[in-house]
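An overview of the molecular structure
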Amino acid sequence: MQKILNYGKVYGIVDTMGGELISYKNDGKEYLWTGLSEYWASHTPVLFPTVGVCKDEKVIIEGGEYSLKRHGFARKSEFILKEITDDTAVFELLYSDETLKQYPYKFSLTVTHKINESGFRTEYNVENLDDKEIMFAIGGHPGFLLDSIENYKLIFETKENCKMYYTDSNSCMDENLLHAKKLENTDVFELVYSDYDTDAIVIKDLKSRKVKLVSKFSGSGIEFDYNGFDVLGIWTPPKKNAPFICLEPWNGMPAYANETGKFEDKPYIKKLNVGESYSVGYTVTICR
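This text gives an overview of the structure that appears in the document. (Residues numbered from 1 in each chain as written. Predicted model: local features only at pLDDT ≥ 70, side-chain atom pairs only at ≥ 80, totals over all residues. Heavy atoms only, no water.)

Considering the overall build of the chain
Definition in use: Segments assigned H or I by DSSP are reported as helices when at least four residues long, segments assigned E as strands when at least two residues long, and all are numbered from the N terminus. Partly exposed describes any residue whose relative accessible area lies between the buried limit of under 20% and the exposed limit of over 50%, with all areas from a 1.4 Å probe on protein chains only and scaled to the type maximum. The criterion used for residue contact is that any of the two residues' heavy atoms lie within 4.5 Å. Only the protein chains shown count as covering a residue, and every accessible area follows the Shrake-Rupley method with a 1.4 Å probe.
Per the secondary structure count, the chain includes one helix and 25 strands. Each of the three principal axes of the chain carries a C-alpha extent, and together these read 55 × 50 × 35 Å. Among the 288 residues that make up the chain, the fraction classed as buried is 55%. Considering only intrachain contacts with a sequence separation of at least 6, the fraction spanning at least 24 residues in the chain is 66%. Of the accessible surface of the chain, which amounts to about 12400 Å², a share of 44% is contributed by carbon and sulfur atoms.

Topic: the sheet that holds strand β2 (residues 10-15)
For the record, the criterion: At least two DSSP bridges between two strands are needed for those strands to be called paired.
Strand order in the open sheet made by the four strands is β1-β2-β3-β4, with antiparallel pairing throughout. The sheet terminates laterally at β1 (2-7) and β4 (29-30), the two strands that pair on one side only. Of the strand pairs in this sheet, β1 and β2 are connected by six bridges, and their pairing is antiparallel. Counterpart to Gln2 in the pairing with β2 is Asp15.

What about a nonpolar patch on the surface?
Selection rule: Every patch collects residues that have over 30% relative accessible area and no salt bridge, joining them within 9 Å if they carry like charges and within 5 Å if they are nonpolar side chains (Val, Leu, Ile, Met, Phe, Trp, Tyr). Here, a salt bridge means any Lys or Arg side-chain nitrogen found within 4 Å of an Asp or Glu carboxyl oxygen.
The grouping of Ile80, Leu94, Tyr95 and Leu129 at the surface amounts to a nonpolar patch, some 320 Å² of accessible area in total. Within the fold, Ile80 resides in strand β8 (residues 80-84). Taking the relative accessible area as the measure of exposure, Ile80 reaches 45% and is therefore partly exposed.

Observations regarding the sheet that holds strand β20 (residues 210-215)
The condition that has to hold: Lines fitted to the C-alpha atoms define the axes, with helices restricted to the stretch that makes contact. Angles between their N-to-C directions range from 0 to 180 degrees.
Across the sheet, which stays open at both edges, the nine strands sit in the order β8-β9-β10-β11-β25-β21-β20-β15-β18 with antiparallel pairing between neighbours. Strands with a single pairing partner mark the edges of an open sheet, and in this sheet they are β8 and β18 (184-190). Taking the axes of each pair of neighbouring strands and ignoring which way they run, one obtains an average angle of 15° across the sheet. Sheet analysis places strand β15 (residues 152-161) next to β20, joined by five bridges and oriented antiparallel. Bridging from a neighbouring strand, Lys153 pairs with Val214 of β20.

Examining the nonpolar core
Basically, it comes down to this: Side-chain atoms within 4.5 Å are what join buried Ala, Val, Leu, Ile, Met, Phe, Trp, Tyr and Cys residues into a set we call a nonpolar core.
Of all hydrophobic cores here, the largest spans 78 residues; its most connected members are Phe48, Tyr103, Leu109, Ile138, Phe156, Phe189 and Leu213. With five residues, the top contributor of residues to this core is strand β25 (residues 277-287). The residues contacting Phe156, other than those within four sequence positions of it, are Leu183, Asp187, Phe189, Ile203, Leu206, Ser208, Lys210, Val211, Tyr226 and Leu232.

Regarding the side chain of Thr236
Rule in force here: Counted as a polar contact is a pair of N or O atoms within 3.5 Å, where, for protein atoms, one must be capable of donating a hydrogen and the other of accepting one, and residues adjacent in sequence contribute only when both atoms are in side chains.
Turning to its location among the elements, Thr236 is positioned in the loop between β22 (231-235) and β23 (244-251). By relative accessible area, which is 0% here, Thr236 ends up buried. A polar contact is formed between the side chain of Thr236 and the backbone oxygen of Phe244, at a distance of 2.7 Å. What Thr236 contacts, discounting residues up to four positions off in sequence, is Ile149, Tyr193, Tyr196, Ala242, Phe244 and Ile245.

What to know about the packing of aromatic side chains
The cut-off we apply is this: Under the pairing criterion, centres of Phe, Tyr and Trp rings, with the six-membered ring standing for Trp, must be within 6.5 Å; the plane angle then separates stacked pairs below 30 degrees from edge-to-face pairs above 60, leaving the rest tilted. Each ring is checked for a lysine NZ or an arginine CZ that lies within 6 Å of its centre and within 35 degrees of its normal; such an atom marks a charge sitting over the ring.
A full pass over the atoms with the stated rule returns 21 aromatic pairs. An aromatic cluster of three or more residues is present, and its members are Phe48, Phe73, Tyr103, Tyr105, Phe107, Phe136, Phe263 and Tyr278. We note Lys29 situated over the ring of Tyr31; from NZ or CZ to the ring centre the distance is 5.3 Å.

Some remarks on the pairing of strand β6 (residues 58-61)
Because side chains alternate across β6, one face comprises the buried residues Val59 and Ile61, and the other comprises Lys58 and Ile60, none of which is buried. Sheet topology places β6 next to strand β7 (residues 64-67); four bridges connect them, and they run antiparallel. For Ile60, the partnering residue across the bridge sits in β7 and is Glu65. Counted along the chain from β6 to the antiparallel partner β7, the turn is two residues long, and its residue Glu62 has a positive phi close to 50°.

Concerning the environment of Glu117
By the secondary structure assignment, Glu117 is in the loop between β10 (107-116) and β11 (119-128). Overall, Glu117 belongs to the partly exposed group, its relative accessible area being 44%. Those residues in contact with Glu117 that sit more than four places away from it in its chain are Tyr7, Gly8, Lys9, Val10, Tyr24, Asn26 and Arg288.

Written out as structure tokens, the structure reads:
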């Protein structure tokens, strides 16, 4: 079920399927990827309770083996619309018999989208409803509409000196797949389609908490604030020259080829004690 947000000169559409913001228009200009299936049928999915792929689509939690598909089940779940106003939509996904078959914890996942005349914010809140500690990964996957990614560049908040990795053809992490040294002592990262011929680029250990995605010619675009997330993924569909790029803030990582398969061993995993909750989100601000 889709609902409309309309506030001043901004317009948004949200969807209970996946709890996504599927459109954000400001003064008539669309900023989010439109979801054309020949490229990628999503818009801004939430990644929960895992980020990326699990090894053989399986994970071991507290000694039991569970099947978890790429990016978890939240993005393909029907959320409850808890609240809607002119500028805000709040969605909730509760554990169920079906989720417990894939992930043995009782939880509430709330996704809040708030639009304004400068951009929008998406926030996630995970609450432990179980009688024991729970573990999870969480991340965002927003796609941003462009004419061509090669007309744009990323400008980080500060100069960086960090390693960039490719995920392999199975979308797994392999730290032998180092990216060319394009983010050493610089704040600028040029966007080139060939960088994504295999899959995504994954950047760890960033000092910057914000990055701008802007036109090489006009300087217009967006600023993306991912404060609170440990890792940034960058992706566009391999070998499609698609008219969008995804900036993916993650707390969690895709499977490593040599990992144990145990959920608690995954890098950047989050843990919550009984009754605790955890919030994190990202903010998009328009650069004109």
